[in-house]
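# Coordinate inspection notes
The chain contents come next:
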Amino acid sequence: MSGLLGVRLLLLWGFACLWLCSSASGDLLISRDNEALQETREAARRLQKRSPNEKTVEVYRVAVDCTVTSRFAHTVMTSMAVNKANVSQEIFFEMELPKTAFITNFSMEIESKMYVGEVKEKEKAKEQYRKAVSSGQTAGLVKASGRKMEKFSVSVNIAAESNVTFILTYEELLQRKLGQYEILTRVKPKTLVQEFEIVTNIYEPQGLSYVDTHATFLSNELLPLVEKTVTDKKARISFSPTMDQQRKCPGCDGTLIDGDFIIKYDVNRQTSLGDIQIVNGYFVHFFAPPDLPRVPKNVVFVIDRSGSMSGIKMQQTREAMLAILKDLHEEDYFALIPFDSSIEPWKESLIKATKGNVAEAMAYVKKINDRGATDINGAVLRGVEMLVQGKQSKTLPDRSVDMIILLTDGMPNVGVSDTSVIQQNVRSAIGGNMSLFCLGFGNSVDYGFLDVMSQQNKGLARRIYEASDATLQLQGFYDEVSSPLLSEVDLRYPDNVVELLTTNHFNQLFNGSEIVVAGRLMDNDMDNFLLEVTGQGFEEDFKVQGQAKALDWGVMYPDEKYVFGDFTERLWAYLTIQQLLDKSKTGASDEKANATAKALDMSLQYSFVTPLTSMVVTKPETEDGPDSPLIADKLTEVQRQLAEKMSARHYGYARSPPRLAHYPPSPTYFVDGDPHFMIELPDRDDALCFNINDKPGTIFNLVRDAQSGILVNGQIIGDKKIPPDGKINTYFWRFGIVHKTLGVRLEVNTQDISVFQDGKRIKLPWSDTSSLKGPNVDLLVTKDRSLKVTLKDSVKFVILLHKVWEKHPYHRDYLGFYTLDSHLLSPSVHGLLGQFYHGIEYEVTDLRPGEFPEKPDATMFVKGQELNVTRGWQRDFRHDVKNGENVPCWFIHTNGTGLIDGDATDYVVSGLFKTV
């Protein structure tokens, strides 16, 4: 870089702000560039030492212009920076936007030349993305930013005494929750801005019932600067402090503006038919009728109490349940099913929410404690069974809504653990007759699995973040779904008038929410535009009919007709794409493919950055290099979870208190299961895994260190007979361990342990806890569980015994092999596990939907190769030999090809103690 080497200024507005760049972790480019991070920190220190009067980069203007037309928000964020130095400088620009929004445009104006983004199919943009990443250039990335926002960041080199203007545009349909709409603007300038302005105009033909504005940073001095003008159908809110008004104190450079600027509002609702608006051949129908009585509900709370819920999570769950139970209405029925590896309902059937029953339930909830594993399949099916039995026995009211609320923080690891099988079981049991709502607590939960399972069963999933307000998050979700007003809602329009309709059947309408349907008109004959809304209410069926009327927007807003344009068409496109993306997660494979293809076509047609598209911007050529692409992607919720998890782990190290010395946890390398190899990388808080498929009887070399004389081989065994699915599972059942220098040889199998030394053989059974201490080797046997092998001044191994039910028709007992203190082996160590003992360099980019929604795919660059990998889980049984602990990892397909040196067959040896 020319000019101030390594000085990277970050033009960052939480909509825009200028600050010193720190490590960006948790974005779609998942990598750790320690040298770059160190360079950035050094640059920051150098910049801090410079004269405060030296002119560098000045943020001249920051503007947020939001126009909301009938709940559809169009936001333009503009920022201009001037490089006042006499050398060129690189500026990073980072913007935060709501995660429900789609970016529609990003452009940069540099020296009167405009660089405009182009939305492309993600696959077509991928090659540019790969080149940008592999060449070390900075790509424009999107990463998670808290619960509601995501960040988009770019960088550009600006010549001396030049300026750059960044313009980002995004659109979203505001969702009504708990009786209001929310417009959230994150404002974190970090510096004083000459021209700072937030302007929001709201146009609602139904009329505004109220408009409320507040911000987390509004002091008594700043509060009068918020100007709000509200008429019947329009509101204008503006906030434009001067530089002096932004200052924390007279004469200082610190700014008071740091936080969220929030506008909340609702509209008048005068008719049960709802409100229909027609503009330029498209219509949108908003349905949220006033004054409907709530429908009684029958709710089963399925509560995870497994060991991973210990501590604060279990405490917060108890607190939330106590508050929720208090809010039950007396006509509701409820049940509690705490579960771990065992499923123990509080009562055998749902009971009425009388004051006495609720008090008894609250006393029971206070005693729920964590323990055991996680049997999600059995717990949910038990809840379904209770609701079915209640309806069949007529103990539950006919006109009532059935729902299950599942709260879990982990992966299923006992009973049925295959998530796709669980989804199939639950869908079959529910049969479309009740709703399943899933709350995923924390970052370890398989959110994609819960999301799909909810959508398949008339419900929705919600992430609960591990934080001090988790109790309020749980209560807040319950408040959204606790008061059903209608079920099985249908909005019908004439077939000869309307086409390309969005979803018009809804399972429920909850108090405080809203149903939105949009479509295209086939002609402008409003005389034939009749509509009907039906649903099941509390005491009787709901049915209203009426005729739609086109509003004259020019008369309603005579001075601002130009503002509205094609908002109904774009609202229709936004809603259609969102619903197609949801459909692409569920249903048959051909339905998923069809929904994905349609969503992609529409994303390209309307220039929306969705999970299927990317926005490509080409940066200008500089003296430091040629044109390079910036890529803007859209995070799915699964990608957000993964990104946040990796970001949190990374910053956990970065933000920890200084210590005299820091020793990272030792990595563990193991093989367990059928047989799954796991490479733990604690310095990156990550793991790699692969599976080896071969015929029973094959012997593989796991560890070979000629310098120290250590050799470890393992032999696989197959199932007793071919299972119904035709797939024979293989496991390790015998290990041979040799230390030539020490003269030690061990054979460990599922029956016993044999030690050979100095011409003698000692046999230890698995059936007793015992130990053997010698001059060169120590053995510790834990009955029917584990063997710990400690070789003198060298590596340690742990072998786990997995005992299977003796009469199991297919499976056999098998062994797991874990390596500890592997750093004590020589640099020449090799083998299927040994080759990784001294680390491995890799980079993961381009997260994208995989075959299963809960298991995204990505691209891995490793050993000069490019691999398609999948984010999955493997079991680590060291702490729980029965159920294991799920460890997230990047799964390398085809027997680890591309990750391991050579081919899996290169590691086959002829005997348990042979090297060839």
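The preceding data block contains the structure.
Residues numbered from 1 in each chain as written. Predicted model: local features only at pLDDT ≥ 70, side-chain atom pairs only at ≥ 80, totals over all residues. Heavy atoms only, no water.

This structure, assessed with the given rule, holds 29 aromatic pairs. Ring centres 6.2 Å apart and planes at 45° place the aromatic pair Phe-301 and Tyr-478 in the tilted group. Of this pair, Phe-301 sits in strand β20 (residues 297-304) while Tyr-478 sits in helix α9 (residues 470-481), placing them 177 residues apart in sequence. The burial state of Phe-301 is the same as that of Tyr-478; both residues are buried. (Phe/Tyr/Trp six-rings, centres within 6.5 Å; stacked < 30°, edge-to-face > 60°. Helix = DSSP H or I, 4+ residues; strand = E, 2+ residues; numbered from the N terminus. Buried < 20%, exposed > 50% of the residue type's maximum accessible area, 1.4 Å probe, protein only.)

Take the sheet that holds strand β15 (residues 226-230) next. As summarised here, the arrangement of the eight strands in space is β7-β6-β11-β4-β3-β13-β16-β15, forming an open sheet in which the pairing is mixed. Since the sheet does not close on itself, it has two edges, and those belong to β7 (113-116) and β15, each with one partner. Here the strands of the sheet are splayed against their neighbours by 10° on average, with no regard to which way each runs. Summarising the sheet, β15 and strand β16 (residues 234-239) pair through five bridges and their orientation is antiparallel. Residue Lys-228 lies in a different strand from β16, and its bridge partner there is Ile-237. Its contacts with the sheet put helix α11 (residues 567-583) on β3 (57-69), β4 (72-83), β6 (102-110) and β11 (163-173), and the angle it makes with β11 is roughly 75°. (Pairing = 2+ DSSP bridges. Axes fitted to C-alpha atoms, helices over the stretch in contact; angles between N-to-C directions. Contact = heavy atoms within 4.5 Å.)

This part takes up the pattern of salt bridges. Pairs may arise between side chains of opposite charge once their charged atoms sit close together. The final tally for this structure, using the stated rule, is 46 salt bridges. Here Glu-344 and Arg-305 are joined by a salt bridge, their closest N and O atoms 2.8 Å apart. Of the two residues, Glu-344 sits in the loop between β21 (333-339) and β22 (351-352) while Arg-305 sits in the loop between β20 and α4 (312-326), which places them 39 residues apart along the sequence. One network of salt bridges, with partners in common, ties together Arg-71, Arg-176, Glu-204, Asp-266, Arg-269 and Glu-514. (Salt bridge = Lys/Arg side-chain N within 4 Å of Asp/Glu carboxyl O.)

A sheet is described by the order of its strands in space; here three strands give the open sequence β12-β17-β14, paired in antiparallel fashion. The open sheet terminates on both sides in strands that have one partner only, identified here as β12 (181-187) and β14 (208-215). Here the strands of the sheet are splayed against their neighbours by 10° on average, with no regard to which way each runs. Bridge analysis of β14 against strand β17 (residues 259-267) gives seven bridges, and the strand direction is antiparallel. Counted as the bridge partner of Val-211 is Tyr-265 from β17.

The subject of this paragraph is α11. Its 17 residues give α11 an end-to-end C-alpha distance of 24 Å, which sits within 8% of 24 Å, the value for a rise of 1.5 Å per residue. α11 sits mainly inside the fold: 13 of its 17 residues count as buried. (Expected span 1.5 Å × (residues − 1).)

Enumeration according to the criterion identifies two disulfides in this entry. Across the disulfide, Cys-689 is cross-linked to Cys-889 (sulfur-sulfur distance 2.1 Å). Classification of the bridge connecting Cys-689 and Cys-889 rests on its S-S torsion, roughly 60°, and on that basis the disulfide is right-handed. Residue Cys-689 is found in strand β36 (residues 686-691), and its partner Cys-889 is found in strand β51 (residues 885-892); the two are separated by 200 residues along the sequence. (Disulfide = S-S within 2.5 Å.)

The next thing to look at is the nonpolar core. Ranked by internal contacts, the top residues of the largest apolar core, which has 59 residues, are Leu-688, Leu-702 and Phe-817. If you look at the next biggest cluster of nonpolar residues, it comprises 55 residues, including Val-164, Phe-196, Val-226 and Val-609. (Core = buried A, V, L, I, M, F, W, Y, C linked by side-chain atoms within 4.5 Å.)

Turning next to the environment of Lys-592. Within the secondary structure layout, Lys-592 lies in helix α12 (residues 589-605). Remark: the alpha-carbon pair of Lys-592 and Leu-581, spanning eleven residues in sequence, is separated by 8.8 Å. Not counting chain neighbours up to four residues away, the residues in contact with Lys-592 comprise Lys-583, Ser-584, Lys-585, Thr-586 and Gly-587.

Bringing unusual backbone geometry into the picture now. Residue Ser-70 is not a glycine yet carries a positive backbone phi of 50°. Locating Ser-70 in the fold gives a position in the loop between β3 and β4. Its identity as a non-glycine residue notwithstanding, Lys-458 has a phi of 60°, on the positive side. Here Lys-458 shows up in the loop between α8 (447-455) and β25 (461-464). Accessibility expressed as a relative area gives 22% for Lys-458, which makes it partly exposed.

So, on to the pairing of strand β30 (residues 530-536). Counting buried positions over the seven residues of β30 gives five, a clear majority of the element. With four bridges connecting them, strand β26 (residues 484-492) and β30 associate as antiparallel partners. What sits directly across from Ser-487, in β30, is Gln-536. The pairing of β30 with strand β31 (residues 541-547) spans seven bridges and is classified as antiparallel. When the sheet's bridge partners are listed, Leu-531 is paired in β31 with Gly-546. Count of turn residues in the β30/β31 antiparallel hairpin: four residues.

Our focus in this paragraph is the pairing of β3. Across twelve bridges, β3 lies against β4 in antiparallel orientation. Looking at β4, one finds that Glu-58 is bridged to Val-82. Here β3 folds back onto β4, and the loop between the two strands holds two residues, one of which, Ser-70, carries a positive phi near 50°. Of the strand pairs in this sheet, β3 and strand β13 (residues 195-203) are connected by nine bridges, and their pairing is parallel. Directly across from Ala-63, in β13, lies its bridge partner Glu-197.

With their axes 8 Å apart at the nearest point, α11 and α12 run at an angle of 150° to one another. Classified by the interaxial angle, the pair formed by α11 and α12 is roughly antiparallel. Where α11 crosses over α12, the handedness of that crossing is left-handed. Side by side, α11 and α12 meet where Trp-572, Ala-573, Thr-576, Ile-577, Leu-580, Leu-581 and Lys-583 of the first sit next to Lys-592, Ala-595, Lys-598, Ala-599, Met-602 and Ser-603 of the second. Its residues placed into classes, the contact of α11 with α12 shows eight nonpolar, two polar and three charged. (Parallel < 35°, antiparallel > 145°, perpendicular 65-115°, else oblique. Left-handed = near helix turned anticlockwise from the far one by under 90°. Nonpolar A, V, L, I, M, F, W, Y, C, P; charged D, E, K, R; others polar.)

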